[in-house]
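Spelled out from the first residue to the last, the chains are:
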Amino acid sequence: MAQEQTAQTGPRVAIIGAGIVGVTTALRLKELGAYPVLLDSAPDAATATSAQNAAQLSYSAVDAVASPALMALMPKVILGQSPSSKVSPLWVKDYFAWALKFLTQAKASQYEKNSFANLELSLTSKAVFQEWLETYDFDFDYRASGKVSLLGPGANLTAAQLWADKKKKMGADIEVLDHEGVVRKEPTFIQFQGRCNGGVYSGTDAVGDARKFAREALRSILEEGAGEFLPNQKVLDVIMDKDEMRYLITDQGRVEADAFVICAGLQSVELCERLGKNLPLAPMAGYSLSLPMGKAVPDLAITDTENKAVVTRLGDRIRYAGYADFVPQQRGISAKRLNTFKARLFERFPLVAEDSGDLSPWMGFRPLTPDSQPVIGRLTQKNGYINTGHGMFGWALSAGSADRVARQIMAEVR
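Some words on the sheet that holds strand 11 (residues 244-250)
Part 1 of the reasoning: Pairing is antiparallel across the open sheet formed by three strands, whose spatial order is 10-11-12. Each having just a single partner strand, strand 10 (235-241) and strand 12 (253-256) make up the two edges of the open sheet. For this sheet, the mean angle separating the axes of adjacent strands, direction not counted, is 30°.
Part 2 of the reasoning: Of the strand pairs in this sheet, strand 10 and strand 11 are connected by six bridges, and their pairing is antiparallel. Residue Asp241 lies in a different strand from strand 11, and its bridge partner there is Glu244.

With respect to the environment of Gly377
Part 1 of the reasoning: One can find Gly377 in strand 19 (residues 375-378).
Part 2 of the reasoning: You can call Gly377 buried: its relative accessible area is 7%.
Part 3 of the reasoning: Along the chain, Gly377 and Ile409 lie 32 residues apart, while their C-alpha atoms are 8.6 Å from each other.
Part 4 of the reasoning: Every residue in contact with Gly377, bar those within four places of it in the chain, is listed here: Gly384, Tyr385, Ile386, Val405 and Gln408.

Digging into helix 6 (residues 157-170)
In an α-helix, one full turn covers 3.6 residues, which means residues spaced three or four apart are oriented alike.
Part 1 of the reasoning: Over its 14 residues, helix 6 extends 20 Å from the first C-alpha to the last, a length consistent with the 20 Å expected when each residue adds 1.5 Å.
Part 2 of the reasoning: Within the sequence span of helix 6, burial applies to Ala160, Ala164 and Lys167. The arc that holds every buried residue of helix 6, seen down its axis, measures 60°, which confines them to one face. Away from its buried face, by an angle of more than 90 degrees, helix 6 presents the exposed residues Thr158, Leu162 and Lys169.
Part 3 of the reasoning: Buried residues along helix 6 sit against helix 5 (108-135), strand 5 (147-151) and strand 6 (175-177).
Part 4 of the reasoning: You can read the cap of helix 6 off the contacts: a side-chain oxygen lies 2.8 Å from the backbone nitrogen of Thr158, and it is on Asn156.

Conventions and cut-offs
Residues numbered from 1 in each chain as written. Predicted model: local features only at pLDDT ≥ 70, side-chain atom pairs only at ≥ 80, totals over all residues. Heavy atoms only, no water. Pairing = 2+ DSSP bridges. Helix = DSSP H or I, 4+ residues; strand = E, 2+ residues; numbered from the N terminus. Axes fitted to C-alpha atoms, helices over the stretch in contact; angles between N-to-C directions. Buried < 20%, exposed > 50% of the residue type's maximum accessible area, 1.4 Å probe, protein only. Contact = heavy atoms within 4.5 Å. Expected span 1.5 Å × (residues − 1). Arc of directions from axis to C-beta. Polar contact = N/O pair within 3.5 Å; in protein donor to acceptor, adjacent residues only side chain to side chain.

As structure tokens, then:
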């Protein structure tokens, strides 16, 4: 995919939200000739869901959350018998309609459709990201690590191979391994204390710090004089003129632009309501720890599928992230939940990290759609666009969704 760098004489585009999705959208718009203006209520880029995510660029592992396998586990989740996922009655009360839509997406046919739609976008993301690696010298702990997703004890390797073959036809780089094959690819796996029937390996997946990438990309845009960043600005209202967005009212003034893109995660819901769009997003909580490295640190990024968690060597630390809790948004992390999360790491990977010092505990709420596909494209307003709802796949899908919405804007906005 050839780099498209032109003089910044194109439209002025306001981007609401400076997480990894918003910043990559700004970067792609800049490359295509627009002048991006990023706004965020926080003082810097990537302070919320992008701050301490799993750090895995898992381009072949973007399967939809709603699935037949999840439905089989749902009784345990509802009864509180799943250590890696829970559902709060208060969350169900607030998101009952969303939950019903989510359940309809768990059919095998819908699961395949949604997963392959994400895979198509992810492969575009992979190509765009490779282009960025060749163009920019960003420092974000990037490593072409490869990745293995562990298959639990009940996994059928024949079924896994059939699923992998379908993905390969679309261009995914994956290989199904038995238990011995996983150990050959990653010798430190012998420490694993869980049950494993094999794994799905991708040699071209990678790792990198999404927050560092976002801040490096933003710095690059600003140093070129090719865009603006307006921190600490909360959007209060959108002023319309017939079927066009004219400007934003923030708590610091007004922001005018030729086009507007909403990339504000869960905060996008309120903004879209003002524009007459019902955005089907629900919060799904995840957690992470950043720990000192232990005695047996894997080179490969690892997804512990049964435990809904990942282990990543990121710089000189171990990033342990995951879980899928359907709970109301809250401030702070439950100490009980955090202790459960940490205990599971050392139960399953006892030598991967050290339980000492500052573990940088983090909790983020991923904006999830019922079908796990992000919402990308134009709103009913002529110059209004959206790029949000990536769930736990924001890092892996960000470059592809940025490319998609940026190209649409440049084709439609004059």
